[in-house]
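Letter by letter, the chains look like this.
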Amino acid sequence: MEQLKTIGRELAMGSQGGFGQSKEFLDLVKSIGEARSKAEEDRIVLSEIDILKRRLLEPDVPKRKMKEYIIRLVYIEMLGHDASFGYIHAVKMTHDDNLLLKRTGYLAVTLFLNEDHDLIILIVNTIQKDLRSDNYLVVCAALNAICRLINEETIPAVLPQVVDLLNHQKEAVRKKAIMALHRFHRKSPSSVSHLISNFRKRLCDNDPGVMGATLCPLFDLISEDVTSYKDLVSSFVSILKQVTERRLPKSYDYHQMPAPFIQIKLLKIMALLGSGDKSASEIMYMVLGDLFRKCDSSTNIGNAILYECIRCISCILPNPKLLEAAAEAISKFLKSDSHNLKYMGIDGLGRLIKISPDIAEQHQLAVIDCLEDPDDTLKRKTFELLYKMTKSSNVEVIVDRMIDYMISINDNHYKTEIASRCVELAEQFAPSNQWFIQIMNKVFEHAGDLVNIKVAHNLMRLIAEGFGEDDDDADSKLRLSAVESYLQIISEPKLPSLFLQVISWVLGEYGTADGKYSASYISGKLCDVADAYSSDENVKGYAVSALMKIYAFEIASGRKVDVLPECQSLIEELLASHSTDLQQRAYELQALIALDARAVESIIPLDASCEDIEVDKDLSFLNGYIQQAIESGAQPYISERERSGMFETTDYHSQDHHEVPAHALRFEAYELPKPSMPTQASTELVPVPEPSYYSDPHQPIPTSLVSERESSEIKLRLDGVKQKWGRPSYQSTTSASSTPQQSTNGTTTHSDGGAGSSSSKPRTSYESKKPEIDPEKQRLAASLFGGSSSSRTDRKSSSGGHKPAKGTANKAASIPKETPIPVQPQPDLLDFGEPTDTTVTATDPFKELEGLLDSSSHDGGGSTDVMGLYSDAAPVTTTTSVDSLLSELSDSSKGNARTYQSQTSKGPNSKEALEKDALVRQMGVNPTSQNPTLFKDLLG
């Protein structure tokens, strides 16, 4: 509150007189500062809001007063109240020509609005105009607003002007232009991707402020792509060297450290560029050594630079001398009384032990002190260090310490993290099976249900698979140890649900495996668990499944099963349970008890928890049935994706209409029918070019031969296409389109696609500060840091040492996909354009008609639109004689591979048609041109 009062007084009492003489504003600041409760403060602010609403609605408010009102609105917003009613006045103030008013408007707008606010569009033009101003203060104000308000959509409107300002004569403008470009890159990298070279150029700017501002966007760019900026390593090293040699103006010093924030940013960039690069790292060694020598560790900013140097050294290729200097700096941090410096020391030590594990041994007593420090943050950081230092020689001490700390804290989030680390270390470095089981029991007992369920599954898998490779004796001892420990724990009250699930599973799988415990004893314990935790369905489900396995193993081994009364009572209770899962388990248990040994052994084999379950996802056992059904005429299965997304049954014309022209139809044939299926009709269309004697496409034709087909398998969809025969009309208002692979009934037939050196620095004089060392600490340090120094690379893989699975998963055979028969591209039946060829080979329609009528008298197929077989190509005039033309047409009709089998319920007698055909031949004339009436009679 004191800060708000101070800000208010500074705003109210401007150095140039300004608006700050208003007594109302001073009284507002004073009353808010003296408010004794939040309710009183809210009352004062709400009263001020009412006053400002009235004042802002007054006409011709003086600019001086308007500026004061805007500042009071800012004050109201700072206190958490809504001042949106005055936002538009702040936007208007940015248009003012007065510099003081304009800067006040920009300040208020950047505080009031966000980049997605509706009023942003009103200030874009003002920003564009101010960026061209001759007054650099106006330009700076506009650039400040750009950094806060410009969004991805408005970047192109101001980007060219911001780029031009990179060459402005004023260094303040160039610096803010760099900041604006950095903002653009973060919001929309693609919009400034062609301007990245400008950052490289500004790195050589004469002004240190511009150079320092350029480091921020360069750091982001290098983080994304290190390789492209390897050539700048020497430049960054040179800049850092000049900064450390105090070649920058004194104005950049902070607590007698030359430009410390520029140094920190340069060190971060160098850590990225030197990672894994020997040549780049060697260039950095000298300047990093100078920093260790010149940094003043008596100030916080000096310690910050030292810490950043340690981080940089841990990232680049190691150098022995630099490692020694870093170890010495860490030693100073750990010896400090400041918890912040100790925290930095522990963090730096955790980074360096990855390179040189021996460094931790130099500071073992300091680490023990941090482990026992009352500061919880420092203690957690120390546990992270111990986690990185863990090896087979000290795992017991570290895990015990972690579990003790886990028990003492109430933070569930961190307790979960500690539990997962304990489990991981126990799995990797367990010295014995018994110790591993004990640790897991402690974790589950004290962390409860905070433990990730995956940890429980991993524990069950580890017990089932064992630790040794093909060492059944060791695996049996592990399982026996688990069973014994769980039988002791199971009687304790209030065990976590997840732990009880693990206990039930282990007892069910291995409770009677070695014969030490009887089935009655184990089943009684499981019934007690189900009864004690009757409200937990998961625990009861695991308990029932464990009972089922116990009885199954007894039956399979030929022993008589005696169901305990409490077990029988539990089964009867679950048979009437509201939970369908528990009910099903109870019915399965009841049915299993009544089966013989052979059946039970097949259902629940002994010790089969590790065997792989063969899952045939493609259901290959149905291949024969599917093939038989397809051969019998069934349609192939269409996936749900194709049915819902690619194929709409209610609108056939929504299918990929962008791939096929709207006037085109494409058809693919079905597979050839088997001889045993005489009624199977081929659906391949054999278009016949239109004969030369058919000249009127709209000539009325009787419908006796072109009745509607009843079979949907060979029906054409001509929706939206102008009729070629009959009355001039359209079939439907919808457009006709089809997918590239579509059968004639509209069914899609797509196929599924199927480290470095270590230092030898002697011990520090840390022990000399404490002449009397607690023997307990010495023993703890010896247990933590004793033994051979080895890195964490000696850890066993959590799954690599497990026994391989006893079953092998066979790859499920995939259902063979139906291969479509290659079909020659069909001509476009609905192409109304002019033919490209002036001569065509005509086919005698009467010969075709004879074949169709003859076949229809013997076939039982549906009726076929005979006129649909003719192409709609424009008639072509030819000089061929009628006799020769008829002969060619007859030969052409014999060469057709397939024809439609059809049946007409109405139409002329075949004998009469032949007689009329012979009459036409004798006449030797073009029927359509010479005698159209006769042509009607022939068809009618």
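It should be emphasised that the depicted structure is a prediction, and the values quoted were computed from it without experimental measurement.

**Notes on the overall build of the protein chain**
When you go through the protein chain residue by residue, the secondary structure sums to 40 helices and two strands. Counting only residues that meet the buried cut, the protein chain has 44% of its 940 residues in that class.

**So, the side chain of Ser188**
Here Ser188 lies in the loop between helix 10 (171–187) and helix 11 (197–202). Residues within four places of Ser188 in sequence aside, it is in contact with Glu152 and Ile155.

**So, the packing of aromatic side chains**
Within this structure, the stated rule accounts for nine aromatic pairs. Members of the aromatic cluster, each reached through a chain of ring pairs, are Phe383, Tyr405 and Tyr414. Residue placement shows Lys170 over the ring face of Tyr136; its charged tip is 4.8 Å from the ring centre. The ring of Tyr387 carries Arg421 above its face, with NZ or CZ at 5.0 Å from the centroid.

**Observations regarding the packing of helix 21 (residues 376–389) against helix 23 (residues 412–429)**
Orientation of helix 21 relative to helix 23, taken along the N-to-C sense of each, is 15 degrees, at an axis distance of 12 Å. Taken together, the axes of helix 21 and helix 23 lie roughly parallel to each other. With respect to the hand of their crossing, helix 21 and helix 23 are arranged in left-handed fashion. Here helix 21 contributes Arg380, Phe383, Glu384 and Tyr387 to the contact with helix 23, which in turn contributes Tyr414, Arg421, Glu424 and Leu425. Along the lines of polarity and charge, the residues of the contact of helix 21 with helix 23 split into four nonpolar, no polar and four charged.

**Overview of the pattern of salt bridges**
In total, this model carries 33 salt bridges according to the counting rule given. For Asp27, the salt bridge is made with Lys23, and the minimal N-O distance between the two is 3.0 Å. Taken together, the residues Asp27 and Lys23, both in helix 2 (residues 23–33) and four residues apart, mark about one turn of the helix. Across the pair Arg559 and Glu554 runs a salt bridge whose closest N-O atoms are separated by 2.9 Å. On the basis of relative accessible area, Arg559 is assigned to the partly exposed category, the value being 45%. Note on Glu554: relative accessible area 9%, which makes it buried.

**With respect to the environment of Ile316**
Inspection of the secondary structure assignment puts Ile316 in the loop between helix 16 (300–315) and helix 17 (320–335). Distance in space between the C-alpha atoms of Ile316 and Met270 is 8.4 Å, their sequence separation being 46 residues. With residues up to four places along the chain from it excluded, the contact list for Ile316 reads Met270, Ala271, Gly274, Ser275, Ser281, Met284, Tyr285 and Leu288.

**Thoughts on the packing of helix 22 (residues 395–408) against helix 23**
Packing of helix 22 against helix 23 leaves a shortest axis separation of 10 Å and a crossing angle of 160 degrees. In terms of axis orientation, helix 22 runs roughly antiparallel to helix 23. When the axes of helix 22 and helix 23 are compared, the crossing they make is left-handed. Seen from helix 22, the contacting residues are Val395, Ile398, Val399, Met402, Ile403, Tyr405 and Met406; seen from helix 23, they are Tyr414, Lys415, Ile418, Ala419, Cys422, Leu425 and Phe429. A per-class count over the contact of helix 22 with helix 23 returns 13 nonpolar, no polar and one charged.

**Structural notes on unusual backbone geometry**
We note that Gln256 has phi near 65 degrees; this positive angle belongs to a residue other than glycine. Following the sequence through the fold, Gln256 ends up in the loop between strand 1 (253–254) and strand 2 (257–258). Of note in the backbone geometry, Leu619 takes a positive phi value of approximately 55 degrees without being a glycine. Position of Leu619 relative to the elements: it lies in the loop between helix 32 (597–603) and helix 33 (623–631).

**As for helix 31 (residues 580–593)**
With 14 residues, helix 31 should cover 20 Å at 1.5 Å per step; its first-to-last C-alpha distance of 20 Å lies within 8% of that length. Inspection of helix 31 places Leu582, Ala586, Leu589 and Leu592 among the buried residues, and these make up the whole buried set. For helix 31, the angular spread of buried residues about the axis comes to 130 degrees, placing them on one side. Those residues of helix 31 that are buried are in contact with helix 29 (537–556), helix 30 (565–575) and helix 32.

**Concerning a nonpolar patch on the surface**
Together, Leu619, Phe621, Leu622, Tyr625 and Ile626 make up a nonpolar patch on the protein surface, roughly 500 Å² of accessible area in all. Judged by its relative accessible area of 31%, Ile626 falls in the partly exposed class.

**Some points on the environment of Val502**
Among the secondary structure elements, Val502 is positioned in helix 27 (residues 497–510). Residue classification places Val502 among the buried positions, given a relative accessible area of 1%. In this structure, the C-alpha to C-alpha distance between Val502 and Met460, residues 42 residues apart in sequence, is 6.8 Å. In this view, Val502 contacts Phe444, Ala456, Leu459, Met460 and Tyr486; residues no more than four positions away in its chain are not counted.

**Overview of the side chain of Lys525**
In this fold, Lys525 is placed in helix 28 (residues 519–532). It turns out Lys525 is buried and unbridged, and the closest side chain with the opposite charge, Asp528, is 5.5 Å from it. For Lys525, the residues in contact, after removing those within four places along its chain, are Leu487 and Ile490.

**Details of the confidence of the model for the protein chain**
Residues with a pLDDT of 70 or more make up 66% of the protein chain, whose mean pLDDT is 75. The lowest-confidence element of the protein chain is helix 40 (residues 932–939), averaging 38 in pLDDT; the highest-confidence one is helix 14 (residues 260–274), averaging 95. Contacts for the low-pLDDT stretch residues 647–664, under 50 throughout, to residues beyond four places or in other chains number 33 contacts. This stretch, residues 730–771, has a pLDDT under 50; its non-local contacts, to residues over four places away or in other chains, come to 113 contacts.

**Concerning helix 28**
The terminal C-alpha atoms of helix 28 lie 20 Å apart, and with 14 residues this matches the ideal 20 Å at 1.5 Å per residue to within 8%. All of the buried residues along helix 28 are Ala519, Ile522, Ser523, Gly524, Lys525, Leu526, Cys527, Val529 and Ala530. On its buried face, helix 28 sits against helix 26 (472–489), helix 27, helix 29 and helix 30.

**A few points about the environment of Leu181**
Within the secondary structure layout, Leu181 lies in helix 10. For Leu181, a relative accessible area of 0% gives the class buried. Taking the C-alpha atoms as reference points, Leu181 and Asn198, 17 residues apart in sequence, are found 9.5 Å from one another. Those residues in contact with Leu181 that lie beyond four places of it in its chain are Leu159, Val162, Val163, Leu166, Val192, Leu195 and Phe199.

The rules behind each value
Starting afresh in each chain, residues are numbered from 1 along the sequence in its written order. Only residues with pLDDT of at least 70 are given local features in this predicted model, and only at 80 or more are side-chain atom pairs given and counted; all residues enter the totals for whole chains, interfaces and linings. As a rule here, side-chain values come from all non-hydrogen atoms in the structure, and water together with hydrogens is ignored. Only runs of H or I of at least four residues qualify as helices and only runs of E of at least two qualify as strands under DSSP, and these elements are numbered from the N terminus. Partly exposed describes any residue whose relative accessible area lies between the buried limit of under 20% and the exposed limit of over 50%, with all areas from a 1.4 Å probe on protein chains only and scaled to the type maximum. The contact criterion used throughout is that any non-hydrogen atoms of two residues lie within 4.5 Å. The criterion for an aromatic pair is that two Phe, Tyr or Trp rings (for Trp, the six-membered ring) have centres within 6.5 Å, with stacked assigned to planes under 30 degrees apart, edge-to-face to planes over 60 apart and tilted to the rest. The rule for a charge over a ring is simple: NZ of Lys or CZ of Arg within 6 Å of the ring centre, and within 35 degrees of the ring normal. The axes used here are C-alpha line fits, helices contributing only the stretch in contact, and every angle between their N-to-C directions lies in the interval 0 to 180 degrees. Any angle between 65 and 115 degrees counts as roughly perpendicular, while under 35 counts as roughly parallel, over 145 as roughly antiparallel, and the rest as oblique. By convention, the crossing between two helices is left-handed when the near helix turns anticlockwise from the far helix through less than a right angle, and right-handed when the turn is clockwise. Each residue gets one of three labels, nonpolar for Ala, Val, Leu, Ile, Met, Phe, Trp, Tyr, Cys and Pro, charged for Asp, Glu, Lys and Arg, and polar for the others, Gly among them. Salt bridges, as used here, are contacts in which a Lys or Arg side-chain nitrogen is within 4 Å of a carboxyl oxygen on Asp or Glu. Multiplying 1.5 Å by the residue count of a helix minus one yields the expected span of that helix. Arc definition: directions from the helix axis to the C-beta atoms. Within this analysis, patches are made of residues with over 30% relative accessible area and no salt bridge. Like charges are joined at 9 Å or less; nonpolar side chains (Val, Leu, Ile, Met, Phe, Trp, Tyr) at 5 Å or less. Accessible surface is estimated by sampling points in the Shrake-Rupley manner with a 1.4 Å probe; for residues, cover comes only from the protein chains shown. Counted as positive: Lys and Arg. Counted as negative: Asp and Glu, with His and the chain ends omitted from the count. pLDDT: the predictor's confidence for each residue, scored from 0 to 100.

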